Amino acid sequence: MPTIMIAYVEQRQRLVSDGDAEHSDGGDAGQENIGALGVAAAAGDIALAARDFGGMVFIPPATLLRPSKTDDVVRAVCVARRSSRLTVAARGNGHSVGGQAMARGGVVLDMRDLGPPMELVRCGGVAADVPAGALWEEVLEWGVRNHGMAPTSWTDYLRLTVGGTLSNGGISGQAFRHGPQVANVAELEVVTGDGERRVCSPSLCSDLFFAALGGLGQFGVITRARIPLVPAPKMVRWIRVVYKEFEEYAGDAEWLVTRAGSEAFDYVEGFAFVNDVSDPVNGWASVPILPGSVFEPAKIPAVSEPILYCLELALHHNHREAAGVDERVKEMLWPLRYMRGLVLAADVSYVDFLSRVGRAEEEARANGTWATPHPWLNILVSSSDIADFDRTVFKRILRRGVGGPMLVYPLLRSKWDPRMSVAVPESEMFYLVALLRFIAPRAGDAALEEAVAQNREIIGCCRSKGYDFKVYVPHYESEADWARHFGRDWARFVERKRRYDPIAILAPGQTIFARAEPPAAAAAAAP
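Treat the numbers as computed from the prediction; the structure is a model and nothing was measured. (Residues numbered from 1 in each chain as written. Predicted model: local features only at pLDDT ≥ 70, side-chain atom pairs only at ≥ 80, totals over all residues. Heavy atoms only, no water.)

### Focus on the overall build of the protein
Here is step 1: For the protein, the helix and strand inventory stands at 15 helices and 20 strands.
Here is step 2: In terms of overall size, the protein behaves like a compact globule, its C-alpha atoms giving a radius of gyration of 23 Å where 527 residues would be expected to give roughly 24 Å.
Here is step 3: For the protein, buried positions account for 56% of its 527 residues.
Here is step 4: The long-range share in the protein, meaning contacts at least 24 apart out of those at least 6 apart in sequence, stands at 76%. (Helix = DSSP H or I, 4+ residues; strand = E, 2+ residues; numbered from the N terminus. Rg over C-alpha atoms; globule rule 2.2 N^0.38 Å. Buried < 20%, exposed > 50% of the residue type's maximum accessible area, 1.4 Å probe, protein only. Contact = heavy atoms within 4.5 Å.)

### Some points on the side chain of Asn184
Here is step 1: Along the polypeptide, Asn184 turns up in the loop between helix H5 (175–178) and strand S8 (187–192).
Here is step 2: Overall, the relative accessible area of 17% leaves Asn184 in the buried class.
Here is step 3: There is a polar contact of 3.2 Å between the side chain of Asn184 and the side chain of Thr152.
Here is step 4: Setting aside residues no more than four positions away along its own chain, Asn184 makes contact with Thr152, Ser153, His178, Gly179, Ile227 and Pro228. (Polar contact = N/O pair within 3.5 Å; in protein donor to acceptor, adjacent residues only side chain to side chain.)

### Focus: helix H2 (residues 70–82)
Here is step 1: With 13 residues, H2 should reach 18 Å at 1.5 Å per residue; the first-to-last C-alpha distance of 19 Å fits that figure.
Here is step 2: Inspection of H2 places Thr70, Val73, Val74, Ala76, Val77, Val79 and Ala80 among the buried residues, and these make up the whole buried set.
Here is step 3: For H2, the secondary structure elements touched by its buried residues are strand S2 (63–65), strand S3 (88–91), strand S4 (107–110), S8, strand S9 (197–200) and strand S10 (220–228). (Expected span 1.5 Å × (residues − 1).)

### Comments concerning the environment of Glu361
Here is step 1: With respect to the helices and strands, Glu361 occurs in helix H10 (residues 356–367).
Here is step 2: Assessed through its relative accessible area of 5%, Glu361 is described here as buried.
Here is step 3: When the C-alpha atoms of Glu361 and Leu65 are compared, they prove to be 27 Å apart, with 296 residues separating the residues in sequence.
Here is step 4: Once residues within four sequence positions are removed from consideration, Glu361 is found in contact with Tyr157, Arg159 and Trp370.

### So, the confidence of the model for the protein
Here is step 1: With 92% of its residues at a pLDDT of 70 or more, the protein shows a mean pLDDT of 91.
Here is step 2: Long-range and interchain partners of residues 1–30, a stretch whose pLDDT sits below 50, account for 74 contacts in this model, where long-range means more than four residues apart. (pLDDT = per-residue confidence, 0-100.)

### Overview of the sheet that holds strand S15 (residues 343–349)
Here is step 1: In space, the 8 strands of this open sheet follow the order S15-S12-S14-S13-S17-S18-S16-S19, with antiparallel pairing throughout. If you trace the sheet from one side to the other, it starts and ends with S15 and strand S19 (469–472), each paired once. Ignoring strand direction, the axes of neighbouring strands in this sheet form an average angle of 25°.
Here is step 2: Alignment of strand S12 (residues 235–243) against strand S14 (residues 307–317), held across 9 bridges, turns out to be antiparallel. Within the sheet, the bridge partner assigned to Tyr243 lies in S14 and is Tyr309. (Pairing = 2+ DSSP bridges. Axes fitted to C-alpha atoms, helices over the stretch in contact; angles between N-to-C directions.)

### Regarding unusual backbone geometry
Here is step 1: Backbone torsion omega between Gly115 and Pro116 reads 0°, so that peptide bond is classified as cis.
Here is step 2: Position of Pro116 among the secondary structure elements: in the loop between S4 and strand S5 (119–122).
Here is step 3: Positive phi, normally seen in glycine, also occurs at Cys205, with a value near 50°.
Here is step 4: Take Cys205: it is sitting in the loop between S9 and helix H6 (206–212).
Here is step 5: The class of Cys205 is partly exposed, set by a relative accessible area of 41%.
Here is step 6: Notably, Val473 is not glycine yet its phi reads approximately 55°, a positive angle.

### Focus: the pattern of salt bridges
Here is step 1: Under the definition given, this model contains 37 salt bridges.
Here is step 2: Taking the shortest distance from any N to any O, the salt bridge between Arg159 and Glu137 comes out at 3.0 Å. Of this pair, Arg159 sits in the loop between strand S7 (149–150) and helix H4 (162–166) while Glu137 sits in helix H3 (residues 136–147), and the two are 22 residues apart along the sequence.
Here is step 3: For Arg159, a relative accessible area of 21% corresponds to the partly exposed category.
Here is step 4: Using a relative accessible area of 26% as the deciding quantity, one classes Glu137 as partly exposed.
Here is step 5: Here Asp156 ties to Arg356 by a salt bridge, and the two come within 2.9 Å at their closest N and O atoms. Here the residue Asp156 occupies a position in the loop between S7 and H4, and Arg356 occupies one in helix H10, the gap between them amounting to 200 residues.
Here is step 6: Using a relative accessible area of 14% as the deciding quantity, one classes Asp156 as buried.
Here is step 7: One network of salt bridges, with partners in common, ties together Asp207, Glu495, Arg496, Arg498 and Arg499. (Salt bridge = Lys/Arg side-chain N within 4 Å of Asp/Glu carboxyl O.)

### A look at the sheet that holds S10
Here is step 1: An order of S5-S6-S10-S8-S9 is seen for the 5 strands of this open sheet, with the pairing classed as antiparallel. Both outer strands of the open sheet, S5 and S9, are each paired with one neighbouring strand and no more. The mean angle between the axes of side-by-side strands here comes to 25°, regardless of whether they run parallel or antiparallel.
Here is step 2: Two elements, S8 and S9, share 4 bridges in a ladder whose sense is antiparallel.

### What about the pairing of strand S6 (residues 126–131)?
Here is step 1: Of all 6 residues that make up S6, 6 are buried, and the element is covered over most of its length.
Here is step 2: A two-sided burial pattern is seen for S6, the buried positions comprising Val126, Ala128 and Val130 on one face and Ala127, Asp129 and Pro131 on the other.
Here is step 3: Relative to S6, S5 runs antiparallel, the two being bridged by 4 bridges. Directly across from Val121, in S6, lies its bridge partner Ala127.
Here is step 4: Following S5, the chain reverses through 3 residues before pairing antiparallel with S6; Gly124 in that reversal takes a positive phi of roughly 70°.
Here is step 5: Strand direction decides the pairing type here: S6 and S10, joined by 5 bridges, are antiparallel. Across the sheet, the residue bridging to Ala128 is Ile227, located in S10.

Here is the structure:
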């Protein structure tokens, strides 16, 4: 068995603009064995695969393939395995922010055309068999429209692929009740780095099943997932309440995510925002729920911090239950310590509520910020450190905002199966902090460099203060950083790589493992 090599050398990545030349700098490595795949990628395909939503790196592959069935994925992996240097990366809807789904001089698989179509299955409950390239938006529409059913755990943004979020985690406001998306899977089909197509579940090839969930694509290409479904609610009471003090905000949020059954909301999230009427992105304007909603700043005390906090809640109901919802919401809000008078609420359909970020995407496309770089940073921070994080990061480093949402809300570690590959803090309760930066179209490179520098400062602060934290959707470039990220599970991660992708063909853009020689070549080179 060849030794797996950890990549010690930092991969050099450069900031690019739309005018940069679309060419590969992979040399002859990118052409090796490509002919065996039987398709030549157009220049536009190469350019597509060389970029992602982050817009900060340009890493051209040798080719881009659009598999229509799992056998196409198997073939691509086998071709790469027989070569000396080719690698394979699965690309969903291109929403990585640091080149994680890229393959320099290798093969990128655009998973969006992968079949077969979604199918309802009944096996110990109702579930959907879903191709990995399907968007969660498509799963929602198909499930509700055709069957009146839906998954229980979502991401805020639904134009991500099933395989993409299951390779990372999949977090939203339902996770405190139902766990992240990786905790809501009954079965996977995976093509491992040895070119084998395997079906796995908690009771069948369970090590591969849990390795692939949150495994950053390192152990196999997920080609299909079986997602449990439940009857979909008709309506959602969508509520936002505003806080002046972080300690009260965090205390109430933590209390809410420990409620169970009928005492619990169906969704708990929240965000920090700038205490500024003039800032349309970071300020008061970010709080209203629907167009025309009124935010009353007069309710905010004159002496307030530069950062305020908004707790976002949702309660499912049906049309016929609307009268009783008012009383139930009143009772559930009564113990909370938000600023009275700063409550916004609306009844919207379940589908509209889950699709809410799609409207923000439309606005970002209209104002040009969807096409600019997005140096996003997601961190999981222990509840024991979150108050100090607020004082140091929100109130000091980010007191003027980030040009986009600053999410901060609690999650429960007990909802994450420790057998999965995802790394989370040690604390039972920890917070997702999502700094979703949008760079203004005319801001220039200086604004991007400042945002990237702030991200580094924040990570440095977390380390220097000894926080119990993990970067979510991580992208490191040294063995020491990856070993620190996975902690005591690093040895397990390395062993799983050896078992399922022994020559490190898969997901090279994560910069965790370096491609090794195939077994035959290694044997031939031996003295």
